[in-house]
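# Architecture at a glance
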Amino acid sequence: MKICLVGLDNLPLLVPEYRQHVIGGESVQQTLLARALARRGLDVSTVVLDYGQIDGAQWDGIRVFNAYRPGAGLPVLRFIHPRWTGLWSALARADADIYYTSCAGMQVGLLAMFCRRFNRRFVFRTASDSDCDRSRLLVQFARDRWLYAYGLRRADAILVQSAWQAQTLARSYGLGGRVAGMLVEPPPPSTARDIDVLWVSNIRRIKRPDRILELAGRMPEAKIHMAGGPLSGEEALFREIAKTAATRRNVTFHGRLPYWDANDLYGRARVLVNTSDLEGFPNSYLQAWIRGVPVVTLLDPDRVIEREGLGLAARYPTEILDAVRYLLGDPAAWKAASDRCRRFMAREYGEDKVLAAYLDTFAKVMHIDAAGAGMIVSGKARHV
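Cut-offs and rules
Residues numbered from 1 in each chain as written. Predicted model: local features only at pLDDT ≥ 70, side-chain atom pairs only at ≥ 80, totals over all residues. Heavy atoms only, no water. 1 Å grid on protein atoms, 1.4 Å probe; cavity = no way out; pocket = protein on both sides within 12 Å on 5 of 7 lines; lining within 4 Å. Points joined across faces, edges and corners; volume = space filled by probe spheres on them. Helix = DSSP H or I, 4+ residues; strand = E, 2+ residues; numbered from the N terminus. Nonpolar A, V, L, I, M, F, W, Y, C, P; charged D, E, K, R; others polar. Core = buried A, V, L, I, M, F, W, Y, C linked by side-chain atoms within 4.5 Å. Buried < 20%, exposed > 50% of the residue type's maximum accessible area, 1.4 Å probe, protein only. Contact = heavy atoms within 4.5 Å. Salt bridge = Lys/Arg side-chain N within 4 Å of Asp/Glu carboxyl O. pLDDT = per-residue confidence, 0-100. Polar contact = N/O pair within 3.5 Å; in protein donor to acceptor, adjacent residues only side chain to side chain. Phe/Tyr/Trp six-rings, centres within 6.5 Å; stacked < 30°, edge-to-face > 60°. Lys NZ or Arg CZ within 6 Å of the ring centre and 35° of its normal. Pairing = 2+ DSSP bridges. Axes fitted to C-alpha atoms, helices over the stretch in contact; angles between N-to-C directions.

## Digging into empty space enclosed by the protein
Over the atoms rolls a probe the size of a water molecule, and in doing so it shows where empty space is left. In total, this model carries three cavities of 30 Å³ or more according to the counting rule given. As for the largest cavity, its lining consists of W199, V200, S201, K207, L272, V273, N274, T275, S276, E279 and S284. Per-element accounting of the lining of the largest cavity gives the leading share, three residues, to strand β12 (residues 269-274). Its residues assigned to classes, the lining of the largest cavity comprises four nonpolar, five polar and two charged. Its boundaries defined by the atoms lining it, the second largest cavity holds a volume of some 50 Å³.

## Some remarks on the nonpolar core
The nonpolar side chains of a soluble globular protein tend to be buried with one another. In this structure, V47, Y99 and W289 are the most contacted members of the largest nonpolar core, which totals 100 residues. Ignoring any residue separated from it by four or fewer positions in sequence, one finds V47 in contact with C4, L5, V6, G7, L8, F65, A67, L87, A90 and L91. Counting residues in each nonpolar core, the second largest holds 28 residues, with A222, I224, V324 and L327 among its members.

## A closer look at the pattern of salt bridges
For the structure on display, the rule yields 26 salt bridges. We note a salt bridge from R63 to D43, for which the minimum N-O separation is 3.1 Å. Of the two residues, R63 sits in strand β4 (residues 62-66) while D43 sits in strand β2 (residues 43-48), which places them 20 residues apart along the sequence. Owing to a relative accessible area of 32%, D43 belongs among the partly exposed residues under this scheme. The residue R315 makes a salt bridge to E319 at a minimum N-O spacing of 3.0 Å. Each of R307, E308, R347, E348 and K353 takes part in salt bridges that share partners, so that together they form one network.

## Observations regarding the confidence of the model for the protein
In this model, the protein carries a mean pLDDT of 93, and residues with pLDDT of at least 70 account for 96%. Counted against residues more than four places away or in other chains, residues 373-384, with its pLDDT under 50, gives 36 contacts.

## Comments concerning the environment of Y99
With respect to the secondary-structure elements, Y99 resides in strand β5 (residues 98-102). Counting along the chain gives 93 residues from Y99 to V6, while the straight-line C-alpha distance between them is 7.1 Å. When residues no more than four places from it in sequence are discounted, the contact partners of Y99 are C4, L91, A94, L111, F114, C115, R120, R121, F122 and V123. For Y99, the side chain forms a polar contact with the main-chain nitrogen of A96, separated by 2.9 Å.

## Details of the side chain of Q53
With respect to the element layout, Q53 can be found in the loop between β2 and β3 (58-59). Judged by its relative accessible area of 5%, Q53 falls in the buried class. Of note is the side chain of Q53, whose polar atom sits 2.8 Å from the backbone oxygen of L49. At a separation of 2.8 Å, a polar atom in the side chain of Q53 contacts the main-chain amide nitrogen of Y51.

## Here's the deal with the packing of aromatic side chains
Given two aromatic rings, their pairing is described by the distance between the two centres and the angle made by the two planes. Applying the stated criterion across every chain yields a total of 19 aromatic pairs. Geometrically, the ring pair formed by Y259 and W260 is edge-to-face, given 6.0 Å between the ring centres and 75 degrees between the ring planes. You can call Y259 buried: its relative accessible area is 9%. Overall, W260 belongs to the partly exposed group, its relative accessible area being 27%. The interplanar angle of 90 degrees and the centroid separation of 6.2 Å between the aromatic rings of F281 and W289 together place this pair among those described as edge-to-face. Owing to a relative accessible area of 0%, W289 belongs among the buried residues under this scheme. One aromatic cluster in this structure is built from F79, W84, W88, Y99, F114 and F118. The ring of F118 has R117 sitting right over it, with the charged end atom 4.9 Å from the ring centre.

## Concerning the sheet that holds β4
Strands sit in the order β3-β4-β2-β1-β5-β6-β7-β8 across an open sheet of eight strands; the sheet is mixed. The strands lining the two open edges of the sheet, one partner per strand, are β3 and β8 (178-179). Sheet topology places strand β1 (residues 2-6) next to β5; four bridges connect them, and they run parallel. Residue pairing for β5: L5 is matched across the bridge by Y100.

## What to know about the sheet that holds strand β13 (residues 295-297)
Within the open sheet, the six strands sit side by side as β11-β10-β9-β12-β13-β14. Their pairing is parallel. One side of each edge strand has no neighbouring strand; the edge strands of this open sheet are β11 (251-253) and β14 (311-313). Taken over all neighbouring pairs, the strand axes of this sheet differ in orientation by 20 degrees on average, direction set aside. Sheet analysis places strand β9 (residues 195-200) next to strand β10 (residues 224-227), joined by four bridges and oriented parallel. Bridge pairing in β10 places W199 opposite M226. Packing against the sheet, helix α7 (residues 209-218) makes contact with β9, β10, β11 and β12, and its axis sits at approximately 165 degrees to β10.

And the structure:
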């Protein structure tokens, strides 16, 4: 079985010498998935942006195919060339049986078209709650929203991060989705807990970095670290947040950090705070919990934090301060929550257990024939 993961930002996670480039949460998940599949003997490739690396080169048993250079082409026209043409050319060179991508965007439709044209299988995985809800879709252009819906309906399988996402997908698009867990790397030995509050995210308005700065102002005794770089179109916000952070004596603002450097911060933290208005299932939760770091957040996927005692889920932004003060101020409560985090991760997020849903889905889509035998129909889509 040959599997190609389409994640244009995957290279900086796969190859350390490209670590300075932008990554997102799904880059982490796709790269961890690719490595896990390769370790199990599957033929794995990935399609990425062209940063000058050798096309078809292999790292960690994963072949890398270049789609197009960032920023290449003329505005408007570059959608056709080099983006569409470059993506399809890379997909053809990968020559996979199954193509997998995640996160809403135009690539979902372009990949679905390729798979239909060349009779290949296509698996999509949601990366955020917004991917499942038409009214909250974070895709800027109408063309790209159409392509996303087109591709979604033509996926042979749809994987989701939570039961809530599956319900929302069914309600908004009339499609079914299978819950598939997320991968996380085992941590190195713990270091000193010299960070009281850690905040890690790309700096964008929907992530509400202003809330952590407000928290810093109200807890001057707490040592707070922020890590995150700007996304395209959010550069002014990044400068504003960096400037404000510099005025807080208790805040260390790291800006954009490579994945490995950001990982080191989790082992030093006592509490991870998430201030976002919208998420899927953040990688940061898993990176924190596996290191015994409780999470304080407004967003609790499938109520797992409340149910398992993995921190505190605030109902309103004003409750974040009290939740952080409670965990930092009660060593026994923090230790109990920390121990629950480690036990939960050991029980629920072993690599073999997480991979089971992916491997089973890949095996099932390979048994779908051209006439659609073996498919389960949901709305206008077909998927296992």
